[in-house]
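So you can see what is in the structure, the chains are spelled out below.
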Amino acid sequence: MCVKMYEIVKAEKLTPDVTRLEIAAPKIARKAKAGQFIMLTVDEHGERIPLTMADFSAEKGTITIAALEIGKTTRQLGTLKAGDSLFSLVGPLGLSTHLEEFGTVVCVGGGIGLALMYPVVRALKEAGNRIVSIIGAKNKDLLMYEDEITAVSDEMFVCTDDGSKGHHGFVSDALQKLIDEKRKIDLVYAVGPIIMMKVIANLTRPYNIHTVVSLNPIMVDGTGMCGSCRVIIDGETKFGCVDGPEFDGHKVDFENLTARNKRYLAEEETSLRIFQGAK
Ligand code: FAD
Ligand code: FES
Ligand code: MG
C-alpha cells in the first residue's frame with residue numbers, strides 16, 4: 001500500500017480532549033531523539049504549531065504526537081482520521097534531552113506532559129539511570145501513558161487531584177515525600193503545565209537537586225528566526241526553539257513565560273469562534 005507524505009496512519013482519542021496521531025514521516029522518524037518537537041500545519045490556511053514527539057519509529061517511518069485540544073488548531077487536529085494528510089510537517093526541531101548516567105532520576109509529568117514525558121523516560125532508562133516516575137492528572141480518566149511509563153520505570157507513583165486513583169493530591173506532594181524520606185535523587189525532570197513545572201522547580205531549589213523542565217513558549221517558525229519563543233533563563237534571553245525546549249528549572253523566569261503565553265488570547269478566541277461557526 002502506498003502511504004502519502006505526512007499521511008495519518010492511526011488516529012485515536014486518549015481522553016475526550018487528547019488526540020493521538022501516528023503520522024508517516026520517515027525522514028523525521030530517522031533523526032528524531034527524545035525531547036525534540038515538530039512544527040505542523042493542518043491545512044494550507046492553517047497556523048504552524050509546535051508539538052513534542054510522543055514517539056517515533058525509524059523502522060515504521062512514523063512519528064506520534066498527542067495534542068490536548070484547547071484551541072482552533074488542536075481541535076482541528078482532533079477531527080483528522082487515518083488516511084487524512086497534514087499540509088506540512090517540519091522537524092525534528094529543538095535540542096534533544098541531555099542523556100547521561102546521572103544515577104536516580106525522578107521524572108514528573110502532569111496532564112498532556114505525560115505523553116511528552118514517555119520518550120524521555122525511556123531514553124533516560126536506556127542511558128543507565130534508575131527511574132522513579134511520578135505521574136498526575138485531574139482524575140483517573142485523564143491519566144495517559146501509564147502503562148508505557150510504568151514499563152520503563154523502576155518505581156511508579158500515580159497522583160490524581162480528586163483521589164480517583166493513586167495518591168489523592170499533586171505530583172509535587174509525591175516528590176516532597178521522596179525528598180522527606182531522604183531518597184537519593186540526582187536529577188528531577190519535569191514536564192507539564194507551567195504552574196506544575198514552577199512548583200516542582202521551587203520545591204527542589206532549597207535541596208539543590210538539579211531540575212530540568214521542558215518549556216512551551218509560543219513558537220512561530222521553530223528555527224530561531226522570529227524571536228516569538230523568547231524565554232528568560234538566569235536573566236538572559238534565550239530562544240525556546242533552538243536553545244531548548246529543556247532548561248534548568250531553577251533559572252527559568254516562569255512569570256515572564258506565563259505572561260508571554262497569554263499575549264494572543266483575544267486572537268485565539270476569535271479564531272476558535274470562527275472555526276466552530278464554520279463547522
Ligand atoms: P490556541 O487557542 O491558539 O492557543 C491556546 C494556548 O496555547 C495559547 O494561549 C498559548 O498559550 C498556546 N499556544 C498557542 N499558539 C501556540 C504556538 N504557536 N506555540 C506554542 N504555544 C502556543 N501541546 C500538546 O497538546 N502536546 C504537545 O506535545 C505539545 N508540545 C509542545 C512542544 C513545544 C516545544 C511547545 C512550545 C508547545 C507544545 N505544546 C504541546 C503546546 C501547543 O503548541 C499549543 O497548545 C497549541 O499551539 C495550541 O494551539 P491552538 O490553536 O489549538 O490553541
Ligand atoms: Fe521563532 Fe523560536 S519560534 S525564534
Ligand atoms: Mg492557535
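Worth saying up front: this structure is predicted, and the values here are computed from it rather than measured.

### Some thoughts on the sheet that holds strand β9 (residues 155-160)
Strands in a sheet are paired, the pairing made by backbone hydrogen bonds, and the direction either parallel or antiparallel. Pairing within the open sheet is mixed, and its 7 strands lie in the order β10-β9-β8-β7-β11-β12-β15. Looking at strand neighbours, the two that pair on one side only are β10 (167-168) and β15 (246-248), the edges of this open sheet. Taken strand by strand, helix α6 (residues 194-204) contacts β7 (104-110), β11 (187-191) and β12 (211-214), and its axis lies near 165° from that of β11.

### Some details on the packing of aromatic side chains
Counted by the stated rule, this structure contains 1 aromatic pair. Here R122 stacks its cationic end above the ring of F56, 5.7 Å away from the centre of that ring.

### As for the environment of L116
Following the sequence through the fold, L116 ends up in helix α3 (residues 113-126). Measuring from C-alpha to C-alpha, the distance between L116 and E236 comes to 26 Å, with 120 residues separating the pair along the chain. Among all residues touching L116, those that are not within four sequence positions of it are T52 and V191.

### Things to note about the pairing of β7
When you tally the buried positions in β7, you get 7 out of 7 residues, the bulk of the element. Going residue by residue along β7, you find T104, V106, V108 and G110 tucked away on one face and V105, C107 and G109 tucked away on the opposite face as well. Across 7 bridges, β7 lies against strand β8 (residues 130-137) in parallel orientation. The residue bridging V105 from the neighbouring strand is I131, located in β8. Each parallel crossover has a hand, and the one from β7 via α3 to β8 is right-handed. Inspection of the sheet shows β7 paired to β11 by 5 bridges, in the parallel sense. When the sheet's bridge partners are listed, V106 is paired in β11 with V188.

### Digging into the pattern of salt bridges
Side-chain pairing between opposite charges can occur once the charged atoms of the two side chains come close. This structure, assessed with the given rule, holds 17 salt bridges. A salt bridge links E146 to K165; the nearest nitrogen and oxygen atoms lie 3.0 Å apart. With E146 in helix α4 (residues 146-151) and K165 in the loop between β9 and β10, this pair connects stretches of sequence that are 19 residues apart. On the basis of relative accessible area, K165 is assigned to the partly exposed category, the value being 33%. Through salt bridges with shared partners, a single ionic network connects R130, E155, K177, E181 and R183.

### Brief notes about α3
In this model α3 runs 20 Å from its N-terminal to its C-terminal C-alpha over 14 residues, within 8% of the 20 Å that 1.5 Å per residue would give. Of all 14 residues in α3, 12 are buried, a share of seventy percent or more. Within α3 the residues assigned to the buried category are G113, L114, A115, L116, M117, Y118, P119, V120, V121, R122, A123 and L124. In the stretch just after α3, G128 is the one whose phi turns positive, near 100°.

### Details of the pairing of β9
Strand direction decides the pairing type here: β8 and β9, joined by 6 bridges, are parallel. Looking at the pairing, I135 lines up with V158 of β9. Regarding the hand of the β-α-β motif, the stretch spanning β8, α4 and β9 is right-handed. Here 2 bridges tie β9 to β10, and the two strands are oriented parallel to one another. Bridging from a neighbouring strand, T160 pairs with H168 of β10.

Criteria and thresholds
In every chain, residue numbers begin from 1 and rise along the written sequence. Going through the entries in the order they are written, you letter the chains from A and number the ligands from 1. Residue-level local features of this predicted model are given only where pLDDT is at least 70; pairs of side-chain atoms are given and counted only at 80 or more, and the full residue set underlies all totals for whole chains, interfaces and linings. Where side-chain values are given, they derive from all heavy atoms of the structure, hydrogens and water being excluded. The pairing criterion is simple: DSSP has to find at least two bridges between the two strands. Labels follow the DSSP assignment, with helices taken as runs of H or I lasting at least four residues and strands as runs of E lasting at least two, numbered in each case from the N terminus. Should any heavy atoms of two residues lie within 4.5 Å, those residues are considered in contact. Between N-to-C directions, angles cover 0 to 180 degrees, with each direction set by a line fitted to C-alpha atoms, over the stretch in contact for helices. Paired rings are identified among Phe, Tyr and Trp, the last through its six-membered ring, by centres lying within 6.5 Å, and are further divided according to the angle between planes into stacked (under 30 degrees), edge-to-face (over 60) and tilted (the rest). As a reminder, the over-ring test applies to NZ of lysine and CZ of arginine, requiring each to be within 6 Å of the ring centre and within 35 degrees of the ring normal. Three labels apply to residues, based on accessible area from a 1.4 Å probe with only protein chains included: buried if under 20% of the type maximum, exposed if over 50%, partly exposed otherwise in between. The path from the first strand over the helix to the second decides the hand: if it runs clockwise while the strands point away from the viewer, the crossover is right-handed. The rule for a salt bridge is simple: a side-chain nitrogen of Lys or Arg has to be within 4 Å of a carboxyl oxygen of Asp or Glu. Any helix carries an expected span of 1.5 Å times its number of residues minus one.

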